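The primary structure of each chain is shown beneath.
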Amino acid sequence: MNALHAFFLVAALAGAAPFALSAWTSQSTLVLDPRLRAMARESLATISGEMTVPGLRDRVEVIRDTWGVPHIYAQNTDDLFFAQGYVMAQDRLWQMDQWRREREGRMAEVLGPQAVERDRQARLLKYRGPMDEREWSSYHPDGRRIFDAYANGVNAFIRERSNNLPVEFKVTGLTPVLWTAETVVLRNASFGDAQAELTLARNVVRLGVTAANAQRAPDPWDDLVVPEGLDLSIIDANVTTGGRGGGRGGTPLEILEPYRAWLGGRGAQVFSAPVLTTSAPPDPPGSNNWVVSGHLSVTGKPFVVNDPHRTVTHPSLRYISHLNSPGWNVIGASELPFIGVAIGHNDRLGWGLTIVGTDQEDVYVEEVNPANPGEVRFRGAWEPLRIVREEILVKGQASQVVELKFSRHGPVFYEDPARHRAYVLRSALLEPGTAPYLGGLRLAQAKDCREFLAAAMYWKAPTENLICGDVDGQISWQASALTPNRRASGPGQRSWVGRLPVPGTGAYEWDGFRQDLPREINPARGFIATANNNIQPKGYAPPIMFKSATNVPFDRITRLMQMLSPEGRYSLGDHRRMQLDNLHLRAASETALFRRWVTLTPQVERARALLASWDGRLTRASAAAALYDVWRGISTPQERDSATPLGDRVKLHEASLALAVEQLTQAQGEDWSGWRWGRLHTRAFPFPLLPPYSLPTVERPGGTGTVAADGATYREIMDVSDWDRSIVTNVPGQSAQPESPYFSNLHQLWADDVYFPMVYSRGRVTATAAHRLVLRSAGLAERER
């Protein structure tokens with residue numbers, strides 16, 4: 001163990017904060033009723049001792065380490081995933097149940113009529129088969145077996161705890177439904193890129209093709225072409241609303257008596273969509289990953305670094321687990337429904353991901369038969385729509401029957417009877433093998449970075465930059481996703497790139513899915529880095545996606561390329577520093593605007609000098625960062641343009657700085673020493689349904705525009721030379737069970753950017769063990785008697 005690793009371990013164990021400035025900005029003011037607390041404690045699952053669990057074949061050991069990570073040791077694959085399902089239900093059953101309910105379109109059962117439209121959308125966009133080996137084996141050759149085992153483990157816990165479910169079930173009176181393999185592969189109801197296509201189409205009508213394209217500034221550049229046979233002028237606001245989906249959020253979920261009184265008389269709590277309550281409105285995605293070869297590492301082996309950014313939630317979006325049985329030895333994080341490991345490492349390689357943005361959707365405009373609205377035209381002939389009617393149960397009302405329509409291209413999300421048009425979503429996510437993150441099951445058993453690339457072809461959703469570093473020193477990357485092939489495949493066919501809707505006449509059809517995905521292995525530069533940027537090699541065509549070219553000089557990828565060099569030699573500490581880098585490139589460039597001039601107004605001059613000498617870093621304690629953020633929201637493009645004559649700029653700067661000082665004084669007081677970025681940049685941790693279990697809001701460094709962008713709850717820095725030296729973060733805890741020792745134990749560590757060890761070897765797991773649970777099959781328990 002090196003000195004840096006020892007520091008992280010000691011700090012994590014002690015809960016130490018390495019900064020003098022406290023991260024806390026507030027404490028919950030809600031009183032925790034002792035009766036609620038007692039009920040929550042009574043609901044806790046057993047995490048120590050020995051238990052007999054029907055459905056197991058053999059003995060399974062679950063060791064939870066100091067940080068709440070379960071290390072599951074089984075003797076066969078079935079028991080391994082059975083135990084993972086059981087453990088996940090112990091820690092996250094309510095979260096899993098609501099995830100399932102939303103994706104199945106069963107929210108109105110508990111929320112009432114306000115959720116009917118949301119349920120209709122979920123059912124319209126859900127995967128409808130086939131449920132055969134095209135689906136199951138896409139994720140793993142033993143996919144169906146693995147999913148059955150996982151569902152059986154979840155169900156074992158549900159049955160075991162039927163009279164003592166987690167506290168949320170008790171206060172609402174709800175009960176979980178048993179799981180099946182089909183539950184595990186539920187998809188999210190998403191319109192994906194549809195809204196962007198519809199918005200661009202309306203902008204073309206409003207601005208013209210050239211101006212609309214220039215405004216979008218696609219990267220790579222593409223000369224926008226309007227598809228033949230499509231009248232964009234008929235795409236109105238109603239169509240774009242349909243492409244956003246329906247359903248109202250913020251619907252109250254009833255709290256039963258006497259628990260309502262325990263929560264201060266609250267008759268209901270907000271049940272948000274998605275189910276997880278979020279903090280501040282989410283910023284743009286900010287995921288980063290990079291892998292460096294052994295030539296660029298002080299250890300002589302690769303480092304794999306990843307911080308996938310998503311909305312900060314309580315309970316956490318991700319869960320860390322370690323799965324060990326013959327053929328499996330993988331540790332890392334997964335997302336709902338928490339099966340397997342989506343990002344992490346096995347004994348041979350580590351991997352990480354960031355969103356690519358591959359365009360997996362197209363909007364088709366179908367011509368409807370005026371004489372029969374149940375038919376649409378395809379290649380000169382009318383063909384029937386498929387109509388599905390489903391019953392939606394509604395709390396407090398009679399059930400409602402919804403009619404769902406489908407053309408050969410996909411679900412109909414908007415109908416325009418006056419113009420005889422139907423708008424349809426074609427989505428790769430409605431194809432077999434596209435349940436999110438389950439491609440990680442194949443990656444978990446890859447032996448090297450070349451084999452990893454082959455396995456990555458089975459990763460179909462979401463669209464991810466998958467990076468790899470292995471013990472042999474290889475590094476690789478692929479932009480993985482099930483990617484539509486929009487090239488013309490025959491006479492009468494047209495090629496297109498998916499930026500605008502297309503007519504459903506048969507001229508614009510997908511010709512399967514692309515195999516020529518961007519990838520790289522062992523590049524001469526010695527490293528690979530991605531940050532939600534345009535990852536397509538020069539000349540790669542047709543593009544799989546388009547980014548905006550308006551901000552490239554200040555993007556996170558630009559900063560990463562400044563910090564990574566083929567001449568570098570990087571340690572774990574270096575990668576931590578880069579992962580937490582809070583330099584805002586745009587801000588740093590704009591500090592020059594405040595040099596070479598002065599003003600006679602004392603407060604404005606003080607503000608000017610503060611910004612002129614600022615280094616552009618968004619530290620929590622920075623007054624300059626707070627002032628810059630307020631100023632930039634006030635300032636105009638003209639005054640930020642260095643080409644504007646200095647005299648004109650100074651007048652504009654004086655006015656905007658005066659207003660910024662006034663606003664910041666109102667917000668943070670007259671004492672400038674109390675101004676700080678952290679007070680503007682916070683993350684809250686409200687807890688759904690049970691507000692007394694909300695956690696303190698924390699101040700955060702970094703933010704949008706920095707490598708330390710918002711939403712990095714899970715981070716991993718993996719040392720391929722010694723897996724036990726790897727470090728990780730998660731927040732606020734592994735368990736969603738109030739009163740669990742792992743409900744909020746990671747909250748302060750994350751607030752202060754303290755990592756904890758990602759222990760892997762049996763020796764290190766044993767050394768950091770906090771709880772040991774042995775699960776036995778009924779037959780084994782009988783034999784042992």
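As the structure is a prediction and not an experimental result, all values here were calculated from the model.

Quick look at the nonpolar core
Here's step 1: One finds Phe147 and Leu775 to be the most contacted residues of the largest nonpolar core, which totals 149 residues.
Here's step 2: If one sorts the elements of this core by residue count, helix α3 (residues 77-104) sits on top with 12 residues.
Here's step 3: Not counting chain neighbours up to four residues away, the residues in contact with phenylalanine 147 comprise Trp136, Tyr139, Ala181, Val184, Val185, Ile339, Leu438 and Leu441.
Here's step 4: Membership of the second largest hydrophobic core comes to 26 residues, among which are Leu618, Ala623, Val630 and Trp631.

What to know about the environment of glycine 539
Here's step 1: Within the element layout of this structure, glycine 539 appears in the loop between β24 (527-530) and β25 (547-548).
Here's step 2: You can call glycine 539 exposed: its relative accessible area is 73%.
Here's step 3: Along the sequence, glycine 539 and arginine 419 sit 120 residues apart, while their C-alpha atoms lie 41 Å from each other.

Details of empty space enclosed by the protein
Here's step 1: In the structure shown here, the tally under the stated rule is nine cavities of 30 Å³ or more.
Here's step 2: Considering only enclosed or pocket space, the largest cavity measures out at about 110 Å³ in volume.
Here's step 3: Arg700, Ala708, Ala709, Asp710 and Arg715 are, among the 17 residues lining the largest cavity, the residues nearest its centre.
Here's step 4: By residue class, the composition of the lining of the largest cavity is seven nonpolar, five polar and five charged.

With respect to the state of the cysteines
Here's step 1: Across all of its chains, the model carries one disulfide by this definition.
Here's step 2: The side chain of cysteine 449 participates in a disulfide bridge whose partner is cysteine 468; the two sulfur atoms lie 2.2 Å from each other. Its S-S torsion of approximately -90° makes the covalent link between cysteine 449 and cysteine 468 left-handed. Of this pair, cysteine 449 sits in helix α15 (residues 449-456) while cysteine 468 sits in strand β20 (residues 464-470), placing them 19 residues apart in sequence.

So, the sheet that holds strand β7 (residues 288-292)
Here's step 1: One open sheet accounts for six strands, arranged β24-β7-β8-β28-β29-β30; its pairing is antiparallel. The open sheet has two edge strands with one neighbour each: β24 and β30 (756-757).
Here's step 2: Along the sheet face, helix α16 (residues 556-563) touches β7 and β24 and points at about 155° away from the line of β24.

Things to note about the confidence of the model for the chain
Parts of the prediction with low pLDDT should not have their coordinates interpreted in detail.
Here's step 1: Across the chain, the average pLDDT comes to 92, with 92% of residues at 70 or higher.
Here's step 2: Ignoring residues within four places in sequence, the model shows residues 1-27, a span with pLDDT below 50, making 63 contacts including any to other chains.
Here's step 3: Confidence drops under a pLDDT of 50 for residues 267-283, and excluding neighbours within four residues, the segment shows 54 contacts in the predicted structure.

Describing unusual backbone geometry
Here's step 1: The omega torsion across glutamate 257 and proline 258 is 5°, close enough to zero to call that bond cis.
Here's step 2: As for its placement among the helices and strands, proline 258 is situated in the loop between β5 (251-254) and α13 (259-262).
Here's step 3: In this chain, alanine 541 is followed by proline 542 through a cis amide linkage whose omega measures -10°.
Here's step 4: Mapped onto the elements of the fold, proline 542 is located in the loop between β24 and β25.
Here's step 5: Look at arginine 596: it is not a glycine, yet its phi comes out positive at around 70°.

Each value, and the rule that gives it
Chains are numbered independently. Their residues run from 1 in the order of the written sequence. Under the rules for a predicted model, residues below a pLDDT of 70 receive no local features and side-chain atom pairs below 80 are neither given nor counted, while totals for whole chains, interfaces and linings still include all residues. Values shown for side chains rest on all heavy atoms present in the structure; no hydrogens or waters enter the calculation. Among buried residues, those of type Ala, Val, Leu, Ile, Met, Phe, Trp, Tyr and Cys that are joined through side-chain atoms within 4.5 Å constitute a nonpolar core. Three exposure classes are used, based on accessible area relative to the maximum for each residue type with a 1.4 Å probe and protein chains only: buried under 20%, partly exposed in between, and exposed over 50%. A helix here means a DSSP run of H or I that spans at least four residues, while a strand means a run of E at least two residues long, and both kinds are numbered starting from the N terminus. Working rule for contacts: check all heavy atoms of both residues, and any pair within 4.5 Å makes them a contact. Points on a 1 Å grid, built from protein atoms alone, make a cavity when a 1.4 Å probe fits but cannot get out and make a pocket when they are open with protein on both sides within 12 Å along at least 5 of 7 lines; residues with an atom within 4 Å of a point are the lining residues. Grid points are joined across faces, edges and corners, and a volume is the space filled by probe spheres set on the points. The residue classification treats Ala, Val, Leu, Ile, Met, Phe, Trp, Tyr, Cys and Pro as nonpolar and Asp, Glu, Lys and Arg as charged. All others, Gly included, are polar. When two cysteine sulfur atoms are found within 2.5 Å, that pair is recorded as a disulfide. The pairing criterion for strands is at least two bridges between them, as found by DSSP. Lines fitted to C-alpha atoms define the axes, with helix axes restricted to the stretch in contact, and inter-axis angles between N-to-C directions lie between 0 and 180 degrees. What pLDDT conveys is the predictor's confidence in a given residue, as a value from 0 to 100.

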